[in-house]
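Summary of the model geometry
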Amino acid sequence: MSQAVIKVEGLTKRFDDTTAVDAISFAVPAGTVVGLLGGNGAGKTTTISMLLGLLLPTSGTIEVLGVDMLRHRHRVLTRMNFSSPYVDLPHRLTVAENLTVYGHLYGLAGVRRRVAEIAEALDIAQFLKKPVGKLSAGQKTRVALAKALLNKPDVLLLDEPTASLDPDTADWVRTYLETFRRETGATILLASHNMLEVERLCSLVLMMRKGSIVDRGTPAELLERYGRDTMEDVFLDIARERRTGGVADAAD
Amino acid sequence: MGASVRRIAAMVLRYWYLLRGSWPRILELAYWPTVQMIMWGFISQFMATNSTWVAQAAGVLIAAVLLWDVLFRGQLGVSVSFLEEMWSRNLGHLFVSPLRPGEWVTALMTMSLIRTLMGTIPAALLAIPVFGYSIFDMGLPLAAFFGNLIVMGWWLGLLIVALILRHGLGAESLAWVAVFLLAPVSAVYYPVSVLPGWLQAVAWTLPSAHVFEGMRALMFEDAVRWDHLAWATGLNIAYMAAAAGVFLHFFNVARRRGALLQTGE
């Protein structure tokens, strides 16, 4: 297995009496797409927020690209990026203005050229002068993805990247992500509860329930372990606690 | 890795894009300072014939209202630019980028300076033909008054930002009302000596009271009160350091509570 780009050990987040993430450990090998799969409230978004430094963990360690994220996250933030349907880009700014601002924040050389390039790649060139607030959900998702890919990140964290998209747009986004990973060798951690997406994109799946990783493996391994034909059935088995795989604590 | 001028400029650019994209926002910047100036200009004209105190320095009330607006606009400039991020739910994107809190605050202050100048300069210029009073006649001390008041606006704005980070948008009205709590003790339109003894002691803890007292000394006695300027500057340095500490504390509290992602209404 190639070197781990993301290493998480004993990561825990408690809000008062609620444990949102409970001592999880995992590693994401370089150049892979790893899926965090779980129902609502499983702890996926909380985990991603902690990886990004938006949320401070109660305990545990996070290492990204060899850097301790709790102490020195600014050393690697230029090499990371993120997209989530729950975090907006300013609606009153145009697409071009938003991408220009983020291009400068990420210290890109030739921001104008890069904005044109990413707009072309994500088929949003025709919206560049439109305010983000006036775009459709699908268009906004593509703009958010453009922002997330603007700095050609080595590590990309995506929180439900196709949530609320129609099947055609969702398929387009997945195809683009596959191409991006293949061409750049980027490492992607993807939180989702879309089985199709996880099955298609991910080489490793971490199954989360109530803040814990209850199982992990490749989609094929999970299907075999649970004796199911689809990841959706595996998901339901785990979500309804019909069975656990029993390898959650296995070494990575 | 230290602070990046480019990232600060990027954030100023972000707020500039927002401002230039809306003519009502630009108009609003100059609207209240101008209306206030005109109102106090007429009051001054009336008072000049009915008050020996005002008659000694005809522009004292106009100067006071213009400088008060520097403080108010300075604070509002920081708070409103911050609120723009809350309203647009953009904090999550900003703080997964390499932007550091200190760079963001510097951008908020820079934008506050731009907004304050855009708001107060038209009103100050209009006072010259309409009321025959130019605040620019104060000369260099005006720069010291302006500097101290805008810095006070910044640390007040930063404290308000910290409170909104802690308590969410339920506390956003503080951005518009908090500064007025300090107006009576800032002695904007009257000398500090008018206040009761115990309130005078409170007034002298505010840089604004020293600035307005210094302004009146300049206008009535043609004297530059370096002591007041020194007090105002010293107090501003102390309060700015304290406000920065409070802001950073509440920023980290927001990171512990997950509030950077859960912004908005």
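Residues numbered from 1 in each chain as written. Chains lettered and ligands numbered in written order. Predicted model: local features only at pLDDT ≥ 70, side-chain atom pairs only at ≥ 80, totals over all residues.

So, the overall build of chain B
This is how it is decided: Helix and strand definitions here come from DSSP, where helices need a minimum of 4 consecutive H or I residues and strands a minimum of 2 consecutive E residues; each element is numbered from the N-terminal end. Atoms counted for the radius of gyration: C-alpha only. Globule rule: 2.2 Å times the number of residues to the power 0.38. Three exposure classes are used, based on other C-beta atoms lying within 10 Å of a residue's own C-beta, which is placed from the backbone: buried for 20 or more, exposed for 12 or fewer, and partly exposed in between.
Secondary structure assignment for chain B yields 11 helices and 0 strands. Counting helices and strands in the order they occur from the N terminus, chain B gives α-α-α-α-α-α-α-α-α-α-α. For chain B, whose C-alpha radius of gyration is 19 Å, the value lies close to the compact-globule estimate of 18 Å for 265 residues. The principal-axis extents of the C-alpha atoms in chain B amount to approximately 60 × 40 × 35 Å. The buried share among the 265 residues of chain B stands at 45%.

With respect to the UniProt feature "domain: ABC transporter" (unreviewed entry) in chain A
Put simply, the rule is: UniProt positions are given in the numbering used here, feature names are shortened, and annotations may be inferred rather than shown by experiment.
UniProt feature "domain: ABC transporter" (unreviewed entry): in the numbering of this structure it lies at residues 6–235 of chain A. End C-alpha to end C-alpha, residues 6–235 of chain A measures 24 Å, and it is 37% helix and 27% strand.

Quick word on the interface of chain B and chain A
For clarity, the cut-off: By the convention adopted here, residues are in contact when the distance between their C-beta atoms, placed from the backbone, does not exceed 7 Å. Gly is placed with the polar residues, together with every amino acid not listed as nonpolar (Ala, Val, Leu, Ile, Met, Phe, Trp, Tyr, Cys and Pro) or charged (Asp, Glu, Lys and Arg).
Facing 26 residues of chain B, the contacting portion of chain A comprises 26 residues. With 8 residues, the top contributor of residues to the side of chain B that touches chain A is helix α1 (residues 5–20) of chain B. The class makeup of the residues in the side of chain B that touches chain A is 12 nonpolar, 7 polar and 7 charged.

Quick look at the UniProt feature "transmembrane region" (unreviewed entry) in chain B
In the numbering used here, UniProt assigns the "transmembrane region" (unreviewed entry) feature to residues 29–47, 53–72, 117–136, 142–165, 174–192 and 229–251 of chain B. End-to-end, the C-alpha atoms of residues 174–192 of chain B are 25 Å apart, and along that stretch the chain is 68% helix and 0% strand.

Description of the sheet that holds strand β5 (residues 67–68) of chain A
Residue and element names in this part refer to chain A. To keep it simple, the criterion reads: Two strands qualify as a pair provided DSSP detects at least 2 bridges between them.
Here 4 strands make up an open sheet; going across it, the order is β2-β1-β4-β5 and the pairing antiparallel. Every interior strand has two partners, whereas the edge strands, β2 (18–29) and β5, have only one. Here strand β1 (residues 4–15) runs beside strand β4 (residues 59–64); their pairing, made up of 5 bridges, is antiparallel. Bridge pairing in β4 places Val 8 opposite Ile 62.

A closer look at the confidence of the model for chain B
Basically, it comes down to this: Confidence per residue, as judged by the predictor, is encoded in pLDDT with a range of 0 to 100.
The predicted model of chain B averages 91 in pLDDT, with 98% of residues at 70 or higher. Here the predicted complex carries an ipTM of 0.87, next to a pTM of 0.89.

Comments concerning the environment of Leu 108 of chain B
All names here are of chain B. On the secondary structure map, Leu 108 appears in helix α6 (residues 101–131). In the structure, Leu 108 is positioned 49 residues away from Gly 157 in sequence and 9.4 Å away in space, judged by C-alpha atoms. Apart from residues lying up to four places away in sequence, Leu 108 is in contact with Val 78, Ser 81 and Phe 82.

Describing the confidence of the model for chain A
Summarising the model, chain A shows a mean pLDDT of 89, and 95% of its residues fall at 70 or more. Of the regions scoring below 50 in pLDDT, residues 248–252 of chain A engages in 7 contacts with residues more than four places distant in sequence or in other chains.

Quick word on the environment of Tyr 189 of chain B
Residues and elements named next belong to chain B. Among the structural elements, Tyr 189 can be located in the loop between α8 (174–186) and α9 (197–203). For the pair formed by Tyr 189 and Thr 233, sequence separation is 44 residues and the distance between their alpha carbons is 21 Å. Contact partners of Tyr 189, with chain neighbours within four places excluded, come to Leu 61 and Ala 64.

Here's the deal with helix α8 (residues 219–226) of chain A
Residue and element names in this part refer to chain A. Applied cut-off: To be clear, the arc concerns the directions from the helix axis to the C-beta atoms.
Of all the positions in α8, only Pro 219, Leu 222 and Tyr 226 are classed as buried. In a view along the axis of α8, the buried residues occupy a sector of 65°, so they form one face of it. Within α8, the exposed residues directed more than 90 degrees away from the buried face are Ala 220 and Glu 224. The secondary structure elements touched by the buried residues of α8 are α7 (195–201), β9 (204–209), β10 (212–217) and α9 (231–239). Residue Gly 227 follows α8 closely and has a positive phi angle near 65°.

A look at the pairing of strand β8 (residues 187–192) of chain A
Residues and elements named next belong to chain A. So the rule is basically this: A clockwise course of the path from the first strand over the helix to the second, judged with the strands pointing away from the viewer, identifies a crossover as right-handed.
Extensive coverage of β8 is indicated by the burial of 6 of its 6 residues. Burial along β8 is two-sided: Thr 187, Leu 189 and Ala 191 and Ile 188, Leu 190 and Ser 192, pointing in opposite directions, are all buried. In this structure, strand β3 (residues 33–37) lies alongside β8, joined through 5 bridges in parallel fashion. Bridging across to β8, Val 34 finds its partner in Leu 189. Handedness of the crossover joining strand β7 (residues 155–159) and β8 through helix α6 (residues 167–184) is recorded here as right-handed.

Some remarks on the sheet that holds β9 of chain A
Residue and element names in this part refer to chain A. Worth spelling out the cut-off: Lines fitted to the C-alpha atoms define the axes, with helices restricted to the stretch that makes contact. Angles between their N-to-C directions range from 0 to 180 degrees.
One open sheet holds the 6 strands; their spatial order is β6-β7-β8-β3-β9-β10, and the pairing between them is mixed. Edge strands, defined here as strands with exactly one partner in the open sheet, are β6 (80–83) and β10. If you compare each strand with its neighbour and ignore which way they point, the axes differ by 15° on average. Here β6 runs beside β7; their pairing, made up of 4 bridges, is parallel. Within β7, the position partnered with Met 80 by the bridge is Val 155. Contacts from α9 reach β3, β9 and β10 within the one sheet, and its direction differs from that of β9 by about 30°.

Comments concerning the packing of helix α7 (residues 140–167) of chain B against helix α10 (residues 207–221) of chain B
Residues and elements named next belong to chain B. For the record, the criterion: Here the angle decides the label: under 35 degrees means roughly parallel, over 145 means roughly antiparallel, 65 to 115 means roughly perpendicular, and every other value means oblique. Helix crossings fall into two classes, left-handed where the near helix is turned counterclockwise from the far one by less than a right angle and right-handed where it is turned clockwise.
Contact pair α7 / α10: the axes reach a minimum separation of 9 Å and the direction vectors enclose 160°. The angle between α7 and α10 falls in the class roughly antiparallel. As α7 packs across α10, the resulting crossing turns out to be left-handed. Touching Pro 141, Phe 145, Asn 148, Leu 149 and Met 152 of α7 are Pro 207, Ser 208, Val 211, Gly 214, Met 215 and Leu 218, all from α10. For the contact of α7 with α10, a count of residues per class yields 8 nonpolar, 3 polar and no charged.

Focus on the nonpolar core
Rule in force here: As used here, a nonpolar core is made of buried Ala, Val, Leu, Ile, Met, Phe, Trp, Tyr and Cys residues. They are joined through C-beta atoms within 7 Å.
Grouped together as the largest cluster of nonpolar side chains are 157 residues, with contacts concentrated most on Ala 146 of chain A together with Leu 67 and Leu 158 of chain B. The contact partners of Leu 158 of chain B, leaving out residues within four places of it in the chain, are Val 78, Val 105, Ala 243, Ala 244 and Phe 247 of chain B.

Details of the environment of Trp 172 of chain A
Residues and elements named next belong to chain A. You can see Trp 172 is positioned in helix α6. What makes Trp 172 partly exposed here is the crowd of 18 C-beta atoms within 10 Å. In this structure, the C-alpha to C-alpha distance between Trp 172 and Thr 230, residues 58 residues apart in sequence, is 22 Å.

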